[in-house]
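These are the residues of each chain, in order.
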Amino acid sequence: MFRFLFTRIILIIPTFFGVTLLTFALIRLVPGDPVELLVGERGIDPARHAMLRAELGLDKPLLAQYAIYIKQLIGGDLGHSIVTKEPVLNEFLALFPATVEISVCAILFALAVGIPVGIIAAVRRGSIFDYASMGLSLTGYSMPIFWWALLLILLFSVNLGWTPVSGRISVLYYFEPATGFMLIDSWLSGESGAFRSAVRHLALPSVTLGTIPLAIVARMTRSSMLEVLNEDYVRTARAKGLAPWRVVVVHALRNALIPVVTVIGLAVGVLFTGAILTETIFAWPGVGKWLVESVRRRDYPVLQGGVLLVAGVVMLVNLLVDVLYGLINPRLRYQR
Amino acid sequence: MKSLRTLAAFVLIGYSVSQLADAATLVFCSEGSPEGFNPALYTSGTTFDASSRAIFDRLVHFRRGSTVIEPGLAESWDISDDGLVYTFKLRRNVKLHTTKNFTPTREFNADDVLYSFNRQWNKDHRDHKLSGGTYEYFNSMDMPNLLKSIDKVDDYTVRFTLNEPEAPFIANMGMDFASIFSAEYADRMNAAGTPEKIDLQPVGTGPFQLLAYQKDAVIRYRVHPDYWQGKADIDTLIFSITPDAAVRYAKLRKGECHVMPYPNPADLEAMRKDPEIQLLEQEGLNIGYLAFNTEKKPFDDQLVRQALNYAINKQAIIDAIYLGAGVAAKNPIPPTIWSYNDDINDYPYDPDKAKSLLAKAGYGSGFDTDIWAMPVQRPYNPNARRMAEMIQADFTKVGVNAKIVTFEWGEYLKRSKAGEHQTVLLGWTGDNGDPDNFLHVLLGCAAAKGANRARWCHKPFDDVIGQAKRTADVAQRTELYKRAQAIFKEQAPWVTIAHSVVFKPVRKEVVDFRIDPFGGHIFYGVSLKP
């Protein structure tokens, strides 16, 4: 296990450098000058333009810029935003809890709905429920998030009035954030109704963001369950006269879930991609929206730093999943 | 299962009462996050809404909803006969904000004015480099070259001496970058070793004071109880940052916000029909134009420029691109600006006349050119790409083959400034309501390598606007600008396309919200019906 972990951690180092190189190169390959974008139609005096570029270090050759960036990075400095002049790390830390909150809720939603649906579809293979749920999950998987989110807002917020349109909590609640996680902060604030407001605000964004993972989890659970249900040990369990639900939940599900765990690890990357759109629509102040804005404004330090931090989180989660996989899959454990 | 359903119903439904029942709280669904809270450091309207227009005052103000200048923190001012010395008499008994980390020991005075300008102007000033220290507006208004000195005559008198006469100077003093900070707060924060708070948690004299900013989510202000013009009717002002226009509209419908900017043109009809919403509209202080690069052939020829003015069907563009939310432009300044010359006749749509003029200029068989189309939506041009296609079709009818060119926005600005284009679509939104801010900035010889995308330097025109810049007398300036507009029309360095109309949907309980010609959102003077 230790050796396995060690190899995985060593592998992270080149990946990390790969990410720095890619983000650094890609954003500079895209045309656009941060200084020009800062001043817009107003324009800027050429001498001042040159001075500002020099201040931002953009006048140096690309290789030199990259070397400076890596040197800063090793020293733990992610740089300052060109637009807000704030340290990139501070901005990330202020926004990241919002993204974690929405992502965790989305995953929980996906698991809470996806696993039971997958199980029932597998057990009742060929039934109307099977066809309907798998058809729906395919639809969910292929649905454009943008459109889906607006549809949910129109139905649940505007027409039915069940949920708020956007934001993390009603603007009327005001308390100093203690953790950055609105569910926890609103609970701690002790203001009556604050927690409920936070839950209501979280509902639609979580469903939107959780839709694609839900479809993946449901389909994965179903196919993996079908495979397991045909195994000899399941037949033996049935022959022993165990109750059908016990066979399914205790004997089959535990084994069927192993591939689902891997899928969850992979889904973290998908979640971040989805978070970009979900956050923009629901005015959710997370890192997705922040990164999109940094591309538009050619805010190089924010984009480089932000992508690197997000990549770090994805790598960390995948590492955890690998460890977890080893723990829950005895075969893998014994091989080592 | 039943209890689960009950729980869900409790969580989801039990809250349908409008959340904005509190009459003293106004929520503005703003379109984006401010870059910061010091308006001198940034150039975007989003930042100005959140900073200068709520937290700060300036020496002079623009009357709410108009471009008329009125006294602000300066009660009155004198201009010397040579137009070089501006002496401002400051208002007394103006209280600064009291915040959790600052209680002022004195009222506003000349030191605050000196601090606010010297910080931007003087490179050796203690706080010049603070928060990045780029004062783009101060620089782009040419203040460093214009100012000779700023002196404190006494606690309530400040004298600005200029290097040359500049009539728009008073209007400049009303612009966002000229917002007045508290010098005492700046000293206190420096002494405490937290100078960054000067910009992050600013202290001004304005109608609202910043309470908290949750990045990308909510900005919260509370009323300044001792505001010198009287306490605002709104106790709490909230900016709920909502970047998507469709979502802003949903929030407005549901009562989650009272005012929203930048509606989708496609939603305007539904907004008009909604009894809960008032749709305010006003002509914007802007111009969308097609500039000919007069340094390149054949656009160095006035006849060609005039011909192409005749060739474009402006009304068709306004109907199709602005969806009625625009008016045809005949002058480079919008009709809301003083000195607008209404006697000018626009070039009518006349392809035959265009052809004959082209033939006269020696281009009877036409020529090849390009039309640059912006990649972004701007207040003065909702869809430049589509506009370019329509102009391209119009040009084809008179034998001119145009290729449409576009670049990423920053690149577009850079290359068009460098004069790489033959014709370019662009526009402008006014900063201070002065005609000089359009005519000199966009068409003067001094800007011919910069914001003047036509690269047009015509001495008779430049002399007239130069003279107007040096004259303080408004009647005289009006005559000069009217003459300048006539010269412009005849010389035709641009096709003036449209002034767009600005729409502002507000909920019906909002009282006396006025559309700001400068594109701002100002909540002092606004109240809510109970």
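Structure's up top.
Thresholds applied
- Residues numbered from 1 in each chain as written.
- Chains lettered and ligands numbered in written order.
- Predicted model: local features only at pLDDT ≥ 70, side-chain atom pairs only at ≥ 80, totals over all residues.
- Heavy atoms only, no water.
- Helix = DSSP H or I, 4+ residues; strand = E, 2+ residues; numbered from the N terminus.
- Contact = heavy atoms within 4.5 Å.
- Areas by Shrake-Rupley, 256 points an atom, 1.4 Å probe, with all protein chains shown as cover.
- Pairing = 2+ DSSP bridges.
- Axes fitted to C-alpha atoms, helices over the stretch in contact; angles between N-to-C directions.
- Polar contact = N/O pair within 3.5 Å; in protein donor to acceptor, adjacent residues only side chain to side chain.
- Phe/Tyr/Trp six-rings, centres within 6.5 Å; stacked < 30°, edge-to-face > 60°.
- Buried < 20%, exposed > 50% of the residue type's maximum accessible area, 1.4 Å probe, protein only.
- Parallel < 35°, antiparallel > 145°, perpendicular 65-115°, else oblique.
- Nonpolar A, V, L, I, M, F, W, Y, C, P; charged D, E, K, R; others polar.
- Disulfide = S-S within 2.5 Å.
- Salt bridge = Lys/Arg side-chain N within 4 Å of Asp/Glu carboxyl O.

Novice: For this particular structure, what's the right way to read the overall build of chain A?
Specialist: A count of helical and extended segments in chain A gives 14 helices and 0 strands. Along chain A, helices (α) and strands (β) appear in the sequence α-α-α-α-α-α-α-α-α-α-α-α-α-α when read from the amino end. Along the first, second and third principal axes, the C-alpha atoms of chain A reach 85 × 55 × 40 Å. Residue pairs at least 24 apart in sequence account for 72% of intrachain contacts in chain A once pairs closer than 6 positions are excluded. Summed over its atoms, the accessible surface of chain A is roughly 16200 Å², and 70% of this surface lies on carbon and sulfur atoms.

Novice: What should I look at first to understand the sheet that holds strand S10 (residues 236-240) of chain B in this one?
Specialist: Strands pair in a sheet through their backbones, by hydrogen bonds, and they do so in one of two ways: parallel or antiparallel. All names here are of chain B. In spatial order, the strands read S1-S10-S9-S8; together these 4 strands make up an open sheet with mixed pairing. Edge positions in the sheet fall to strand S1 (25-28) and strand S8 (208-214), since each has one partner strand and no second. Strand-to-strand twist across the sheet, computed as the mean angle between neighbouring axes with direction ignored, equals 20°. Pairing of S8 with strand S9 (residues 218-223) involves 6 bridges; the strand directions are antiparallel. Looking across to S9, one finds that tyrosine 213 is bridged to isoleucine 219.

Novice: Sorry, what's going on with the side chain of B:Arg455 here?
Specialist: Residues and elements named next belong to chain B. If you trace the backbone, arginine 455 turns up in the loop between helix H17 (436-443) and helix H18 (459-470). Among the polar contacts listed, one links the side chain of arginine 455 to the backbone oxygen of lysine 417, at a separation of 2.7 Å. In contact with arginine 455, other than residues within four places in its own chain, are Asn293, Thr294, Glu295, Lys417, Ala418, Gly419, Ala448 and Lys449.

Novice: I keep staring at the packing of aromatic side chains and nothing clicks. Help me out?
Specialist: Think of a pair of aromatic rings as described by two things: how far the centres are apart, and how the planes are tilted against each other in angle. Residue and element names in this part refer to chain B. Tallied over the entire structure, the rule returns 38 aromatic pairs over all chains. Taking 3.7 Å as the distance between ring centres and 10° as the angle between the ring planes, the aromatic pair formed by tyrosine 289 and tryptophan 494 counts as stacked. Of the two residues, tyrosine 289 is situated in strand S12 (residues 286-292) and tryptophan 494 in strand S17 (residues 494-507); the sequence distance between them amounts to 205 residues. Both residues of the pair, tyrosine 289 and tryptophan 494, belong to the buried class. Here the aromatic rings of tryptophan 456 and phenylalanine 461 are separated by 4.9 Å at their centres, their planes lie at 55°, and the arrangement is tilted.

Novice: Please explain the side chain of A:Thr20 as it appears in this structure.
Specialist: Inspection of the secondary structure assignment puts A:Thr20 in helix H1 (residues 2-29). On the basis of relative accessible area, A:Thr20 is assigned to the buried category, the value being 1%.

Novice: Looking at this model, I keep getting lost on the packing of helix H7 (residues 145-159) of chain A against helix H10 (residues 245-254) of chain B. Mind explaining?
Specialist: Two quantities define a packed helix pair, namely the angle between the axes and the distance from one axis to the other. Axis separation between H7(A) and H10(B) bottoms out at 11 Å; the angle between their running directions is 5°. For the element pair H7(A) / H10(B), the angle class is roughly parallel. On H10(B), the residues that touch A:Leu150, A:Ile153, A:Leu154, A:Ser157 and A:Val158 of H7(A) are B:Ala246, B:Val247, B:Ala250, B:Arg253 and B:Lys254. Partitioning the contact of H7(A) with H10(B) into residue classes produces 7 nonpolar, 1 polar and 2 charged.

Novice: Explain the state of the cysteines to me, please; I cannot follow it from the model alone.
Specialist: Joining two cysteines, a disulfide is a covalent bond between their sulfur atoms. Residue and element names in this part refer to chain B. Enumeration over the complete set of coordinates arrives at 2 disulfides over all chains. Shown here is the disulfide that connects cysteine 29 with cysteine 257, its sulfur atoms set 2.4 Å apart. Judged by the torsion about the S-S bond (-110°), the cysteine 29/cysteine 257 disulfide is left-handed. Taken as a pair, cysteine 29 in the loop between S1 and helix H2 (45-50) and cysteine 257 in the loop between H10 and helix H11 (268-273) lie far apart in primary sequence, 228 residues in all. With respect to burial, cysteine 29 and cysteine 257 carry one shared label: buried. With its sulfur 2.0 Å from that of its partner, cysteine 445 forms a disulfide with cysteine 457.

Novice: Just checking my understanding: could you explain the pattern of salt bridges for this structure?
Specialist: Oppositely charged side chains can form a pair if their charged atoms are brought close together. All names here are of chain B. Applying the stated criterion across every chain, the model contains 46 salt bridges over all chains. For lysine 330, the salt bridge goes to aspartate 342, with nearest N and O atoms at 3.0 Å. In this pair, lysine 330 is assigned in the loop between strand S13 (326-328) and helix H14 (351-360) and aspartate 342 in the loop between S13 and H14, connecting sequence segments 12 residues apart. Taking relative accessible area as the criterion, lysine 330 reaches 16% and is therefore assigned buried. Notably, a salt bridge pairs lysine 489 with aspartate 346, separated by 3.0 Å at the nearest N-O pair. Taken together, the residues lysine 489 in helix H19 (residues 474-491) and aspartate 346 in the loop between S13 and H14 connect sequence positions 143 residues apart. The buried category is assigned to lysine 489, whose relative accessible area is 6%. We classify aspartate 346 as partly exposed; its relative accessible area is 26%. Overlapping salt bridges bring together Glu276, Arg507, Lys508 and Glu509 as one network.

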